[in-house]
Amino acid sequence: MGGKGCNSLIRAEKILTYIAYVGAASFMELLREFQYPKSSLLNLLNVMVDCGFLTKSDRNQYSLGIKNYELGCQALHRKNIFEVTKRPMQELSQKSGLVCHLGAIEDCYAIYLDKVEGPDTVPTKKSWIGKKLELHITALGKALLAWKPREEMDYFLNALTLTPHTRNTFTDKKLFWEELQKTRLRGWAIDNEESTYGAVCLSMPVFNMYNRVNYAISLSGDPVVYSGNKIDGYLELLRQCAGQISYGLGYRSESENLRKGN
């Protein structure tokens, strides 16, 4: 598949990814890492420098050029968040058969930015785009808070009033803070009938290119849906969806940065 030009493009992408991870690399280091033909590698590096994708220092070290930043910023500024989220959320709702929400924080509340129902989803009028929810009673709220820097988390905890809604609602700020730590450690949040009886919600954070969490996605259902081993399947679907959206927003995990090969 593809010709010589395609191979060069693939090699260039691998070189950029590697240098992004290590910071800078010499010609010999790149030669050892990828084992490309010496003349081909040198020609490719020269073209990448001429195009601004790489810079070459006086010590003959290659590092990322400003062109990568310019193109990345233009792509992100021109991209509407819903262009990134719509398809993964539709696939998540279709595969799970549950309602999928996209949320963000606004004025110390979690707000629904989007709602997707699949063909097999039981319709609900309990949620709508623009609806605000208290952060402490929602899985979305927990996912949005748990990955905040400590000073930001403290700000929200001080501002929140932990109003009880069911017997499962967190009303003690110390216990709620501990719940946020557990959420971050396991990688996902749950509303276990904390907002209303008969409703359970799972949520995962969405990361941007700066490793910040400004959005989260969730799946909503009844307690029976999440019983037994079913929760593992839903969590995997959520993880895939959150990963696709994060990637679309420019996030690259350490494992992604470590990709290597010919």
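Quantities reported herein were computed from a predicted structural model and do not represent experimental measurements.

Chemist: Can you walk me through the overall build of the protein chain in this structure?
Modeler: Across its full length, the protein chain holds ten helices and nine strands. When the 262 residues of the protein chain are sorted by exposure, 42% land in the buried category. Across the protein chain, every contact between residues at least 6 apart in sequence was considered, and the portion connecting residues at least 24 apart equals 59%. When the accessible surface of the protein chain is summed, it comes to about 14500 Å², and 52% of that surface belongs to carbon and sulfur atoms.

Chemist: Would you take a moment to explain helix α7 (residues 150-159) for this structure?
Modeler: Count 3.6 residues to each turn of an α-helix, and residues three or four apart come out pointing the same way. Inspection of α7 places M153, F156 and L157 among the buried residues, and these make up the whole buried set. Each buried residue of α7 sits inside an arc of 100° when the element is viewed along its axis, so together they form one side. In α7, the exposed positions that point more than 90 degrees away from the buried face belong to E151, Y155 and N158. In this structure, the buried residues of α7 make contact with β4 (99-106), α6 (139-146) and α8 (173-186).

Chemist: Please clarify how the sheet that holds strand β3 (residues 61-64) should be interpreted in this entry.
Modeler: Pairing between sheet strands relies on hydrogen bonds along the backbone, with the strands arranged either parallel or antiparallel. Pairing is antiparallel in the open sheet, where three strands are placed in the order β1-β3-β2. Since the sheet does not close on itself, it has two edges, and those belong to β1 (25-26) and β2 (54-56), each with one partner. In this sheet, β3 lies alongside β2 in antiparallel orientation, the contact comprising three bridges. Directly across from K56, in β3, lies its bridge partner Y62.

Chemist: Would you mind going over unusual backbone geometry with me for this structure?
Modeler: Negative phi is the rule for most residues except glycine; trans is the rule for most peptide bonds. The backbone of Q35 shows a phi angle near 55°, a positive value even though the residue is not glycine. Inspection of the secondary structure puts Q35 in the loop between α2 (27-34) and α3 (38-50). The backbone of N211 shows a phi angle near 65°, a positive value even though the residue is not glycine. Counting through the fold element by element, N211 comes out in the loop between β8 (200-207) and β9 (213-221). A residue is classified by how much of its surface remains accessible, and N211, at 47% relative accessible area, is partly exposed.

Chemist: Any chance you could explain the environment of L162 here in plain terms?
Modeler: Here L162 lies in the loop between α7 and α8. Other than its neighbours up to four places away in sequence, L162 contacts H136, F170, T171, D172, K173 and F176.

Chemist: Help me out: how do you make sense of the state of the cysteines in this one?
Modeler: Disulfides are covalent bonds that connect the sulfur atoms of two cysteines. Overall, the coordinates contain zero disulfides when judged by the stated rule. Counting only cysteine sulfurs, C241 is the nearest neighbor of C100, a cysteine outside any disulfide, at a range of 5.2 Å. Under the relative-accessibility criterion, C100 is labelled buried at 0%.

Chemist: What should I look at first to understand the packing of α7 against α8 in this one?
Modeler: In helix packing, the relevant descriptors are the interaxial angle and the interaxial distance, both defined with respect to the helix axes. Close contact between α7 and α8 brings their axes to 11 Å; oriented N to C, the two are set at 140°. Of the two possible hands of crossing, α7 and α8 adopt the one that is right-handed. From α7, R150, M153, L157 and N158 reach across to α8, where they touch K173, F176, W177, L180 and Q181. Considered class by class, the residues forming the contact of α7 with α8 number five nonpolar, two polar and two charged.

Reading the values: rules and limits
- Residues numbered from 1 in each chain as written.
- Predicted model: local features only at pLDDT ≥ 70, side-chain atom pairs only at ≥ 80, totals over all residues.
- Heavy atoms only, no water.
- Helix = DSSP H or I, 4+ residues; strand = E, 2+ residues; numbered from the N terminus.
- Buried < 20%, exposed > 50% of the residue type's maximum accessible area, 1.4 Å probe, protein only.
- Contact = heavy atoms within 4.5 Å.
- Areas by Shrake-Rupley, 256 points an atom, 1.4 Å probe, with all protein chains shown as cover.
- Arc of directions from axis to C-beta.
- Pairing = 2+ DSSP bridges.
- Disulfide = S-S within 2.5 Å.
- Axes fitted to C-alpha atoms, helices over the stretch in contact; angles between N-to-C directions.
- Left-handed = near helix turned anticlockwise from the far one by under 90°.
- Nonpolar A, V, L, I, M, F, W, Y, C, P; charged D, E, K, R; others polar.

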